[in-house]
Amino acid sequence: MDFDLFVIGGGSAGVRCGRIAAGHGARVAVAEERFWGGTCVNVGCVPKKLLVQAGEYGGWADDAAGFGWTIKKGPHDWAKLIAAKDREIGRLNAIYRRLLDNAHATIFDTRAVFLDPHTLDVGGQRVTAERIVIATGGHPTRVAFPGSEHAIISDDAFYLPTMPRRVAVLGSGYIAVEFAGIFAALGAQVDLVYRAPLPLRGFDQDMREALAEALTAQGITLHPGCTPRALALDGDAKILTLSNGTDLTTDLVFSALGRAPATAGLGLDKAGVTTGLTGAVVVDAHLHTSQPHIYAIGDVTDRLNLTPVATAEGHALADSLFGKLARSISLHNVPTAVFSTPPLATVGLTEEQAAAHGPVDVYVSKFTPMRHTLSGRARKSVMKLVVDQTTQKVLGAHMLGEDAPEIMQGLAIALVMGATKADFDRTIGIHPTAAEEFVTMRTRTRVAGVAKAAE
Ligand code: NDP
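Numbers given for residues are sequential positions, taken from 1 along each chain in its written order. Totals for whole chains, interfaces and linings use every residue, but because this is a predicted model, local features are given only for residues with pLDDT of at least 70 and side-chain atom pairs only at 80 or more, for both listing and counting. To obtain the side-chain values, all non-hydrogen atoms of the structure were included, while hydrogens and water were left out.

Participant: Got a minute to help me understand the sheet that holds strand β13 (residues 247-250) in this structure?
Facilitator: What holds strands together in a sheet is hydrogen bonding between their backbones, with the strands either parallel or antiparallel. A strand pair is defined by DSSP finding two or more bridges across the two strands. Secondary structure elements are taken from DSSP: a helix is a run of H or I of four residues or more, a strand is a run of E of two residues or more, and numbering for both begins at the N terminus. Strand order in this open sheet of 3 strands is β11-β12-β13, and the pairing throughout is antiparallel. This sheet does not close on itself; its edge strands, each paired only once, are β11 (228-234) and β13. Mean inter-strand twist for the sheet, computed between neighbouring axes without regard to direction, equals 20°. Every axis corresponds to a line fitted to the C-alpha atoms, with the helix fit spanning only the stretch in contact, and the corresponding angles, defined between N-to-C directions, vary from 0 to 180 degrees.

Below, the structure written as structure tokens:
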């Protein structure tokens, strides 16, 4: 065999897996056809957060007046922002490639597809490997409706030549909500069109309601219970017709209706690797596919599509295969954040999930962050703890508000360790912060769950 390990895909999962395996002494190759660092670095988490931060400055400039500053806000220069973002992404690209180089992995800047279970076509070259890891990630899906070809997807949003004046965003998942906030913060008139009654299906109901209020407070027009029916061109403008008959006139339609695993054309049938309904590679808890020597990690498995999960899986797999350290990753209590404006972060169970298993004590706190008592901005923070009534273990922590992702990372450690409400209560707060609210919530807001139903 040419290599001990061949990794298909140079994103977060693949680069980590290849680098760690090479560090353990394995002969490793990694192939990447598009961009090193994958979705997260190039058209995902990293550039998205830079755009979110760009939007925040506009709000802060407005807020400053309440603190005595006179700041005259000029127009935003989109081209300058995108150029700066591109420079940073270029730097990160190079770092990802260099990480593999430094680990003495062989790098292929091309596509790799299976010819048989141990052989790959790598840019026209036949390469064999003892073990193969599929880490090809995912891509935005295009939901078809008449005229949908005139809509852009998230990959395009990062390279728009100009900032649109009016944007209609389709969907209300992570990407839709984040980009609605970005465009609104940079001055666009934004419509958010989604089929559910509230955005972010699957998140805690209180958070979803608070987010809908926050989006409205940001000036975004919400169209719940709607799907796109047709999109037509009208000169430079676009007319988006919704399922309720409303016509929206806009400059850009941004379709954020989900992502799909990138498995098409990989030759998985020749490798004997089974895929599921969505095209995702089916894996067990140890990331084994249906072929004993082939593994899959990250978004291509379509389970919990988050970069830190992908890197953790890549690392664990490399350690298990070549580091004499068999281990797997727990997908319980994985914290996550939606970088909406303001952000929403969460770890553990929602009230609805927890209540389905037994009685829970629910603590909710809603307040105006200190900064906005002077800034005058209509912005609230909401915090919530969901506590198992029998064991008093904190099952879920949720927050919508400034700094929520930074706060939630620390709380996630507490939940992973199995902290109880009493542990939260005996922790001294840091004053004055928003975070201290999580350790000072003493009055139960309500009881939910099975016992409640039995009352
Ligand atoms: P999501 O799966 O989160 O959201 C998809 C949205 O599209 C939902 O609102 C869904 O509605 C809607 N939708 C899907 N199909 C249709 C349809 N046929 N008609 C109308 N509406 C439809 O996808 P995203 O693309 O936003 O993100 C993909 C994943 O990437 C996320 O789930 C997350 O795992 C990851 N991600 C993480 C980020 C982070 O960590 N901050 C940022 C971005 C992405 P409904 O809810 O009603 O089904």
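Participant: Is there a simple way to explain the nonpolar core in this structure?
Facilitator: As a rule of thumb, soluble globular proteins bury nonpolar side chains together. Definition of nonpolar core: a set of buried residues of the types Ala, Val, Leu, Ile, Met, Phe, Trp, Tyr and Cys, connected through side-chain atoms within 4.5 Å. Throughout, exposure labels follow a simple rule: accessible area from a 1.4 Å probe, protein chains only, divided by the maximum for the residue type, with under 20% read as buried, over 50% as exposed, and the rest as partly exposed. Within the largest apolar cluster, 63 residues are counted, with the highest numbers of intra-cluster contacts made by Phe183, Phe254, Leu385 and Phe438. In terms of residue count, helix α6 (residues 174-185) provides more of this core than any other element does, 7 residues in total. Dropping the residues within four chain positions of it, Phe438 is found in contact with Met383, Lys384, Leu385, Ala397, His398, Met399, Ile407, Met408, Leu411 and Phe424. Counting residues in hydrophobic clusters, the runner-up holds 30 residues, among them Ala26, Val30, Ile107 and Leu287. Residues count as neighbours in contact if any of their non-hydrogen atoms are within 4.5 Å of one another.

Participant: Would you mind showing me how to read unusual backbone geometry here?
Facilitator: With the exception of glycine, the majority of residues adopt a negative phi angle, and the majority of peptide bonds are in the trans configuration. In this chain, Thr341 is followed by Pro342 through a cis amide linkage whose omega measures 0°. Relative to the helices and strands, Pro342 is located in the loop between β17 (336-338) and β18 (344-348). Cis geometry marks the peptide bond from His431 to Pro432, where omega comes out at -10°. Looking at where Pro432 falls in the secondary structure, it is placed in the loop between α13 (421-425) and β22 (446-448). One non-glycine residue, Leu287, lies in the positive phi region at around 70°. You can see Leu287 is positioned in the loop between α8 (268-271) and β16 (294-296).

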